[in-house]
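# Residue-level structural notes
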Amino acid sequence: MCGIVGYIGDKNASDVLIKGLKRLEYRGYDSAGLALINGHLDIVKGKGKVLNLEKQVNSQKLTGKIGIGHTRWATHGEPNDVNSHPHLSQSGKIAVVHNGIIENYGALKKKLIEQGRTFHSETDTEIIAQLIEEIYENGSTHEFEKALQFALKQIVGTYGIAVVNSDEPDKIYVAKKGSPLLLGIGENEMFIASDASPIVEYTKKVIYLEDGEMAVVTKGNYEVKTIDDVTLTKEIHELALSLDAIEKAGYPHFMLKEIFEQPNSVADCLRGRLRLDNHTIQLGGLVDVMDQLVNAKRLVIAACGTSWHSGLVGEYLFEYLAKMPVEVEYASEFRYRDPLIGEGDVLLVISQSGETADTLAAMREAKAKGALVLGVCNVVGSTIARETDAGVYTHAGPEIGVASTKAFTAQVVVLTMIAIAVGQQRGTLDDAYAAKLIEELNRLPGKIKQILEQNESIKEMAKLFTYAPNFLYLGRTFNFPVALEGALKLKEISYIHAEGYPAAEMKHGPIALIDAMMPVVVVAATDHTNDKMISNIEEVKARKGRIIAVTNEENTEVKELSEFFISIPSTEDCLSPLLTVIPLQLLSYYIAVNRGCHVDQPRNLAKSVTVE
Ligand code: M6R
């Protein structure tokens, strides 16, 4: 979603800002812009890519030592030049970039118009610049910092903002409520960003702002305070992120790089957590809460998108291995229906970014009601990771492609490890089977590598389905969520309509869609449902649907019935989603590439959805 970058120091600010905005492109955006203080404000902005912005900046030979930049993902007002950020106050002296949504912007705008202000855009952001200036020029204070604080107190909604004022050419003001913002501390220079990717090249020292906090940033210095003007001493964190991890390393797309990283990301996720000597699982982040988890009255899992799919796999795992009843909720639905959750219950939230607004809201709701809140997050230091009572990091490394791949497998690995640990403590998992699962988890990176060796044949197969208008994905038990995930991957990057279904449910509706034009991807584990799956395949074939099966080499019956077959090494059924999902990621990737789609930044999508 929208990205913010800011710089103050001796480098050319426009270079730092453009580079930073390029690093933020992965979040998803439709327009970009920047403001530089050069006595007055130089503003360049417009619809389209950062590359266009860069061309404009270069053609105008714009330089400076202090500035702010933004990539916009439209919420209020269509993506066009006028609605792009930065937004200016009436005098043109104050510029604001903003992530989030101002919910009372309508009322504030009406009042500001009555006070004689003219608006140019349809955005909620423009009111921030105008409101600050109204207070600064005609209100109760002529101190800019106070005017900013007063304005923020009138605003209802979420924001991460960076503000510059040409009257104070050596300062950038930032504030946060609901949208992430961090400061990077350099040598006699300071950076501002909505995530660490634009900063990591220059410094590893960062400060995470919390809700209700603001900072006054000058060259080589900063002061953090609350918007009520209470000065704070903030902890300086060391970024674990490396620059290599956020570059493509020779791959044409981040998505392909991330698919191929999975043998390593799964191994990283398992590292230090699997005890092969005594067949136990060590999850340091859960030690203090394990008793509460093991004895929980209810376990609810909440997440969005792909993370919700991994939560569904988690449900099957917890019920199978730990015999615990589990409910899996869309975070957005959970949050808004006054959920029945309280003391003695556990809410487990799953989020790659750790910043998804719906998941964050669900988590806060459950926490306020007294539940223990646990997190499974990828981004270290993210808001969800910081606000949960305890949790487990997935350690998949930065995921830049908007379509989630390695984060999904790492989430499922973490959920499997938690389910095994809880099953062992609850006595629902016998020692021999626990040992078998732990040994098998340890073999998974090698098995994922084997699947990736089929890359070329999957690429060839993708050519045959590039122009299919629809796809159906079918799975059963542990692989039903994989069917959902396969369909989501395809639709988000190739824009082909795709549906994931429990295989048996097909005959209750989707079967009506099947004809000779319909590819049906069957994710078939060899469990007790295999015979039923074979019947489902026959039903599809009877209607001339084209079967692409993903299953074990030994599953000869399925193999013979299928037009196309992708082989998966044998594993325990409950671990099979970690293998079956890999070819589905590759198939979507190659279909999207063949269709000329922008794989890493699909239209309308954001990597981290920070608005509700
Ligand atoms: O960062 P999160 O895991 O909380 O994000 C949740 C979803 O927005 C995300 O999984 C989304 O569905 C992906 N684009 C799927 O590939």
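Residues numbered from 1 in each chain as written. Predicted model: local features only at pLDDT ≥ 70, side-chain atom pairs only at ≥ 80, totals over all residues. Heavy atoms only, no water.

## Topic: the pairing of strand S6 (residues 94-99)
Quick reminder of the rule: We call a residue buried when its accessible area falls under 20% of the maximum for its residue type, exposed when it is over 50%, and partly exposed in between, using a 1.4 Å probe and counting protein chains only. Only DSSP runs of H or I covering at least 4 residues are called helices, and only runs of E covering at least 2 are called strands; the numbering of each starts at the N terminus. For two strands to pair, DSSP has to find at least two bridges joining them.
The buried fraction of S6 is high, at six of six residues. The two faces of S6 match: Ile94, Val96 and His98 on one face and Ala95, Val97 and Asn99 on the other face are all buried. In terms of strand pairing, strand S5 (residues 87-88) meets S6 through two bridges, oriented antiparallel. By the bridge assignment for S6, His87 is matched with Val96. Hairpin connection of S5 to S6: five residues between the antiparallel strands, including Gly92 at a positive phi of 80°. The pairing of S6 with strand S7 (residues 159-165) spans six bridges and is antiparallel. Counterpart to His98 in the pairing with S7 is Ile161.

## Structural notes on the layout of surface pockets
Selection rule: A cavity here means a set of points on a 1 Å grid, drawn over the protein atoms and nothing else, where a 1.4 Å probe fits but cannot get out; a pocket is an open set with protein on both sides within 12 Å along at least five of seven lines, and a residue lines either one if it has an atom within 4 Å of a point. Grid points are joined across faces, edges and corners, and a volume is the space filled by probe spheres set on the points. For this classification, the nonpolar set comprises Ala, Val, Leu, Ile, Met, Phe, Trp, Tyr, Cys and Pro, the charged set comprises Asp, Glu, Lys and Arg, and every other residue, Gly included, is treated as polar. The split into domains, and so the bounds of each, comes from an automatic or database assignment of domains.
By volume, the largest pocket amounts to about 950 Å³. Together, 44 residues line the largest pocket, and Leu241, Asn378, Val379, Val380 and Pro398 are the ones closest to its centre. Those elements giving two or more residues to the lining of the largest pocket turn out to be strand S15 (237-238), helix H7 (262-270) and helix H12 (383-387). At three residues, H7 tops the list of elements feeding residues into the lining of the largest pocket. Of the residues belonging to the lining of the largest pocket, the class tally is 17 nonpolar, 15 polar and twelve charged. Two domains each put at least three residues into the lining of the largest pocket: domain 1 (3-245) and domain 2 (249-451). Put simply, the second largest pocket is a space of about 610 Å³. Surrounding the second largest pocket, 31 residues form its lining, Cys304, Gly305, Thr306, Leu488 and Val609 being those nearest its centre. For the lining of the second largest pocket, the secondary structure elements donating two or more residues are helix H9 (305-321), helix H10 (331-335), strand S20 (346-351), helix H11 (357-368) and helix H16 (480-494). Considering every element that reaches the lining of the second largest pocket, the biggest residue donor is H9, with five residues. Here the lining of the second largest pocket is composed, by residue class, of 14 nonpolar, twelve polar and five charged. Of the domains in this structure, domain 2 (249-451) and domain 3 (454-599) are the two that each give at least three residues to the lining of the second largest pocket.

## Considerations on the sheet that holds strand S11 (residues 205-208)
Heads up, the condition is: Whether two residues are in contact is decided by their heavy atoms, any of which lying within 4.5 Å being enough. Under this scheme, a helix contributes an axis fitted over its contacting stretch, all axes are lines through C-alpha atoms, and angles between N-to-C directions fall in the 0 to 180 degree range.
One open sheet accounts for eight strands, arranged S3-S2-S4-S1-S10-S9-S11-S15; its pairing is antiparallel. Strands at the two margins of the open sheet, each flanked by one partner only, are strand S3 (40-47) and S15. Two strands pair when backbone bridges link them, and strand S1 (residues 3-8) and strand S4 (residues 66-72) are joined in this way by six bridges, in the antiparallel orientation. Considered in S4, the bridge of Gly6 is made with Ile68. Docked against the sheet, helix H1 (residues 13-24) engages S1, strand S2 (31-38), S4 and strand S10 (190-193), running at close to 155° with respect to S1.

## Some thoughts on helix H19 (residues 577-594)
Think of an α-helix as turning once every 3.6 residues; residues three or four places apart then point the same way. Put simply, the rule is: Here a helix's expected span is defined as the number of its residues, less one, multiplied by 1.5 Å.
The end-to-end C-alpha distance of H19 is 26 Å, a good match for the 26 Å that 18 residues give at a rise of 1.5 Å each. Extensive coverage of H19 is indicated by the burial of 16 of its 18 residues. Once H19 finishes, Gly596 follows within two positions and takes phi at roughly 75°, a positive value.

## Some remarks on the packing of aromatic side chains
The cut-off we apply is this: Centres within 6.5 Å make a pair out of two Phe, Tyr or Trp rings, where for Trp the six-membered ring is used; the pair is then stacked when the planes are under 30 degrees apart, edge-to-face when over 60, and tilted otherwise.
Using the criterion set out here, one finds 13 aromatic pairs in the structure. Centre to centre, the rings of Phe191 and Tyr202 are 4.7 Å apart; their planes meet at 15°, and the pair counts as stacked. Taken together, the positions of Phe191 in strand S10 and Tyr202 in the loop between S10 and S11 put the pair eleven residues apart, joining distant regions of the chain. Phe191 sits in the buried class, given a relative accessible area of 2%. What makes Tyr202 partly exposed here is its relative accessible area of 23%. Ring geometry for Trp308 against Tyr330: centres 3.9 Å apart, planes inclined by 15°, an arrangement best described as stacked. Note that Trp308 is positioned in helix H9 and Tyr330 in strand S19 (residues 326-330), a separation of 22 residues in sequence.

## Quick word on the sheet that holds strand S24 (residues 497-502)
With parallel pairing, five strands are arranged side by side in an open sheet as S24-S23-S25-S26-S27. Looking along the sheet, the strands with just one partner apiece sit at the ends: S24 and strand S27 (564-568). Neighbour to neighbour, the strand axes of the sheet diverge by 15° on average, direction disregarded. Summarising the sheet, strand S23 (residues 470-475) and S24 pair through six bridges and their orientation is parallel. In the strand pairing of S24, Tyr473 is matched with Gly500. Across the sheet, H16 is in contact with S23, S24 and strand S25 (519-523); its angle to S24 comes to roughly 175°.

## With respect to the environment of Val373
In this fold, Val373 is placed in strand S21 (residues 372-377). For Val373, a relative accessible area of 0% gives the class buried. Separated by 16 residues in sequence, Val373 and Asp389 have C-alpha atoms that sit 5.4 Å apart. If we skip the residues at most four places from it in the chain, Val373 touches Leu347, Met363, Ala366, Lys367, Thr388, Asp389 and Ala390.

## Quick word on the pairing of S27
Rules: When the strands point away from the viewer, a crossover counts as right-handed if the path from the first strand over the helix to the second runs clockwise.
Burial within S27 is extensive, with four of its five residues counted as buried. In the sheet, strand S26 (residues 546-552) pairs with S27 via five bridges, with the strands oriented parallel. Note that in S27 the partner of Ala549 across the bridge is Phe565. Each parallel crossover has a hand, and the one from S26 via helix H18 (residues 556-561) to S27 is right-handed.

## Observations regarding unusual backbone geometry
His85 connects to Pro86 through a cis peptide bond whose omega is 5°. Inspection of the secondary structure puts Pro86 in the loop between S4 and S5. If you check the backbone angles, His395 has positive phi at about 50° while not being a glycine. Here His395 lies in the loop between strand S22 (390-393) and helix H13 (406-426). Taking relative accessible area as the criterion, His395 reaches 37% and is therefore assigned partly exposed. Even without glycine at this site, Tyr495 takes up a positive phi of about 65°. Mapped onto the elements, Tyr495 comes out in the loop between H16 and S24.

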